[in-house]
There are 2 protein chains.
Amino acid sequence: MSATLVVSARWVIPVEPEGAVLEDHAVVVEGARIAAVLPAAEARARHPDAEHVALARHALLPGLVNAHTHAAMTLLRGLADDLPLMTWLREHIWPAEARWVSEAFVHDGTLLALAEMVRGGTTCFNDMYFFPEVTARLASQAGVRAVVGMIVIDFPSAWARDAGEYLDKGLALHDALKDDPLVTTAFAPHAPYTVADGVLERVRVLADELEVPVHMHVHETAAEVAEAVEATGRRPLARLDALGLLGPGLAAVHMTQLEPAEIRRLAETGVRVVHCPQSNMKLASGACPVAALQAAGVPVAIGTDGAASNNDLDMLEELRTAALLGKLAAGDAAAVPAAAALRMATLDGARALGLEGEIGSLVPGKSADLVAVDLGDPATEPVHNVISQLVYSASRAQVTHVWVAGRALLRERRLLTLDLDDIRARAAAWGARIAAGAGRPEEAEGP
Amino acid sequence: MSATLVVSARWVIPVEPEGAVLEDHAVVVEGARIAAVLPAAEARARHPDAEHVALARHALLPGLVNAHTHAAMTLLRGLADDLPLMTWLREHIWPAEARWVSEAFVHDGTLLALAEMVRGGTTCFNDMYFFPEVTARLASQAGVRAVVGMIVIDFPSAWARDAGEYLDKGLALHDALKDDPLVTTAFAPHAPYTVADGVLERVRVLADELEVPVHMHVHETAAEVAEAVEATGRRPLARLDALGLLGPGLAAVHMTQLEPAEIRRLAETGVRVVHCPQSNMKLASGACPVAALQAAGVPVAIGTDGAASNNDLDMLEELRTAALLGKLAAGDAAAVPAAAALRMATLDGARALGLEGEIGSLVPGKSADLVAVDLGDPATEPVHNVISQLVYSASRAQVTHVWVAGRALLRERRLLTLDLDDIRARAAAWGARIAAGAGRPEEAEGP
């Protein structure tokens, strides 16, 4: 196959090797995959017949991987803020979900999330929510890479009555997606405090059999850990360990409460951690000890969490916050340097999802998931250090182009596979519907 | 005088009273001042001859006040990152400043900062840097409100040889600005560890005489406090207290290291604190105890710090970080709620600069310093809560219009008083000059 696309940029940041910045280079794409990373002039000369995109003031990097979100919750963005996690969940979010979540809600909320994510340079997201088949279908249609969670939680929802039905529906989705090139699955038991041992055991067996990751909230708050210790004498992580869940297939999200022995155990067992700094700060949950985890050899990915807790899906801002909070939490300004933050949001994200052979860096053979960021903005000038500028100064509005598997999804900030006007109208309709219905007992209507 | 401008918006956020959101309201402007805040239809009917700007999807709010920056340091953005404060200052920033800072550097760096600030909704900044007369002139020409620091530091710079010359030049600038409607001065002794007692005493006497504020870095790091205790037996704040500097005229910047008795003393004396959360995180300096200060009655403003340490002048992101870090530092998700963060970035900023009678809220009689933010973006839809959306989800690229004293500076994101192409070319030239000259001893050339 010959080259189909050549994207040349002022700077190419391949993420591997870490810290590398290639000036005036190009990524050569054949179909869905990266064929080469070459000096731009050479790429142009070698591949005259390919489509050429030249980005004179831009950094070109691997697509950002949002390693933990609840995409459809965009529709609840800003509904309840400035509250502690359990009050927020039990008195606001869970009742709102019970009231409003439906197939139509997930449809429109996911579309809104896809628009926001693509415009912000996210090319892959790891989702945990109800009606994952809807999320999967929309991501696939929009050309966005996704890992959709086969969610399990010990209470009923509009999607499933009990753990058995959650798992059955999840497994049916897993089968339905087996030929999808972009969308895969992970088991997504909600959290230790909402899923019983028997269900977690079944998840472990199934995850081993099907070779899919497990995606779970773990040690999000001190209260969660204290309650478990009081009720069972054990910290949740010890319980997951006893259940055989600690391993390279586990993407453990949040992890703000970790003791040194637990960090060693995570490293030993190969667990991947997903850090959601803005959500943890906003809910005052604590700070994941990122520098200590990295020093121990634990890969730490970055997630935005859902837009009801963050309140956005802005991975550039999230990776900046990860760098800043990582330094503060470690008491060391050299902790989580810029290149490490960028790796966390790309290659470590891929690792958390078991996709490091496919995405996360600009390496021949990997999928052509690419993002261009225009650094020719007063906020990122002058460019003394490209990676610093990207991590500490750039904002999502500077993302100009996005490709996933060689397909263009965003060009000069225009969405090519999503209808922004339609999406905004749907979001506004839900805003009005929820505002009008707040507190009323009627069923949610679909659009 | 009759109304000259009527700006109507989907939502008007006056900041006073706190948390208020007025739907479909308008700000009526007469010349440089706010005449009224009225329902939009009424404002249109009453003032048919004024210029009308209608913003259908926008929030209209007081201009953001950046209460601490070093504007010209934009030219050093990203030059040295991921380093502790003292290494960063002593081995990188101070040598770079000794090498490069000149009138031309301050000219071009300030222009770049003005472009970035106006595009991000900042209408007033409190600056501390060399050649403040250059900063003052450019701010005035661009129509941006500024408080320029009469900087004093116990070592020579390209601007002044010693404390005496710093103060003489500062006082000359103060006189020169006495009729400027937008630009005022503050004394700006750099920090307790860089300014001797005698100079601080003179600053106090002069500040009292001239009735101008004092703007100073205080208790930025634990090391700074520990070194002072070791050398003198006293914490820097106690020294400033003994020198008579604690009072409503002091804007004490950073303040990451505070004991409960110190917080009480700040409240007693009326000191204003300026919080720079991203800079403090990036340099691992610590977290200002914002919630505790506010509970004690100390007004806390927000500053971005200079772009060499932050690395941007993005006040929307900074106020978001202030809310998030405030919750984390207090261990309380209800701390620093959205409306408080917005007040910190507007009215409390005005208070820190002694300008609360002039700016900081949309109240008749105050200056018409206004910012419009377009909330019709996938990242801020749906709008369940306007202030939440603004604080937790909006980004600077959504700032569409800016007015200062009734004069339009930004319209549909176009800068009206600054030449962006020229500014970017100047910034790029400095980038090239610094890259080529790093380590060389020659004098910097002006553009």
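What this report covers is the structure whose coordinates are included nearby. All figures in this text were calculated on a predicted structure; none of them were measured in a lab.

## A few points about the overall build of chain A
- What chain A contains, in helices and strands, is 16 helices and 16 strands.
- What you see for chain A is a C-alpha radius of gyration of 21 Å, in line with the 22 Å of a compact globule of 447 residues.
- In terms of principal-axis extent, the alpha carbons of chain A reach across some 65 × 50 × 45 Å.
- In chain A, which comprises 447 residues, the share counted as buried stands at 65%.
- Contacts in chain A between residues at least 24 apart in sequence constitute 72% of all its contacts with a sequence separation of at least 6.

## Describing the interface of chain A and chain B
- Each side of the interface is counted separately: chain A has 63 residues, and chain B has 63 residues.
- For the pair chain A and chain B, the two sides together bury roughly 4700 Å², of which 58% comes from carbon and sulfur.
- Ranking the residues of chain A by area buried against chain B places Asp82, Pro378 and His384 of chain A at the top, with a combined share of 15%.
- We note a salt bridge from Glu317 of chain B to Arg320 of chain A, for which the minimum N-O separation is 2.8 Å.
- Summed over the shared surface of chain A and chain B, the result is 34 residue pairs in polar contact (both at pLDDT 80 or more).

## Structural notes on the relation of the copies chain A and chain B
- After a rotation of 180° and a shift along the axis of 0.0 Å, chain A superposes on chain B with an RMSD of 0.0 Å. One copy is carried onto the other by what is essentially a two-fold rotation axis. In terms of proximity to the rotation axis, the leading residue of chain A is Ala397 of chain A, whose C-alpha is 3.1 Å off the axis.
- Comparing interface residues between copies, 100% of those in chain A also lie at the interface in chain B; the contact surface is shared.

## Some details on the sheet that holds strand S14 (residues 399–404) of chain A
Residue and element names in this part refer to chain A.
- The strand order across the open sheet formed by eight strands is S3-S2-S1-S4-S13-S14-S15-S16, and the pairing between neighbours is mixed. On the outer flanks of this sheet lie strand S3 (33–39) and strand S16 (414–415), each paired with one strand and no other.
- Two strands pair when backbone bridges link them, and S14 and strand S15 (residues 407–411) are joined in this way by three bridges, in the antiparallel orientation. Bridging from a neighbouring strand, Val404 pairs with Arg407 of S15.

## Focus: the nonpolar core
- One finds Phe105, Leu114 and Phe187 of chain A together with Phe105, Leu114 and Phe187 of chain B to be the most contacted residues of the largest nonpolar core, which totals 260 residues.
- Setting aside its immediate chain neighbours within four residues, Leu114 of chain A contacts Phe125, Leu138, Ala139, Ala142, Val144 and Leu418 of chain A.

## Observations regarding the pattern of salt bridges
- This model, assessed by the stated rule, comprises 52 salt bridges over all chains.
- For the salt bridge of Glu116 of chain A with Arg77 of chain A, the shortest nitrogen-to-oxygen distance reads 2.9 Å. Of the two residues, Glu116 of chain A is situated in helix H3 (residues 103–119) and Arg77 of chain A in the loop between strand S5 (64–69) and helix H2 (85–100); the sequence distance between them amounts to 39 residues.
- A relative accessible area of 3% means that Glu116 of chain A is categorised as buried.
- Taking the relative accessible area as the measure of exposure, Arg77 of chain A reaches 0% and is therefore buried.
- A salt bridge links Asp314 of chain B to Arg396 of chain B; the nearest nitrogen and oxygen atoms lie 3.5 Å apart. Of this pair, Asp314 of chain B sits in the loop between strand S12 (300–302) and helix H12 (315–330) while Arg396 of chain B is found in the loop between helix H15 (386–393) and strand S14 (399–404), placing the two residues 82 residues apart along the sequence. Across the pair, Arg396 of chain B and Asp314 of chain B agree in class, each one buried.
- Ionic contacts of the salt-bridge type, sharing partners, join the residues Glu18, Arg343, Asp348 and Arg351 of chain A into one network.

Basis of the calculations
Residues numbered from 1 in each chain as written. Chains lettered and ligands numbered in written order. Predicted model: local features only at pLDDT ≥ 70, side-chain atom pairs only at ≥ 80, totals over all residues. Heavy atoms only, no water. Helix = DSSP H or I, 4+ residues; strand = E, 2+ residues; numbered from the N terminus. Rg over C-alpha atoms; globule rule 2.2 N^0.38 Å. Buried < 20%, exposed > 50% of the residue type's maximum accessible area, 1.4 Å probe, protein only. Contact = heavy atoms within 4.5 Å. Buried area = accessible area lost by both parts, 1.4 Å probe. Salt bridge = Lys/Arg side-chain N within 4 Å of Asp/Glu carboxyl O. Polar contact = N/O pair within 3.5 Å; in protein donor to acceptor, adjacent residues only side chain to side chain. Least-squares fit on C-alpha atoms with pLDDT ≥ 70 in both. Pairing = 2+ DSSP bridges. Core = buried A, V, L, I, M, F, W, Y, C linked by side-chain atoms within 4.5 Å.

Function cannot be inferred from these measures alone, as they are strictly geometric.
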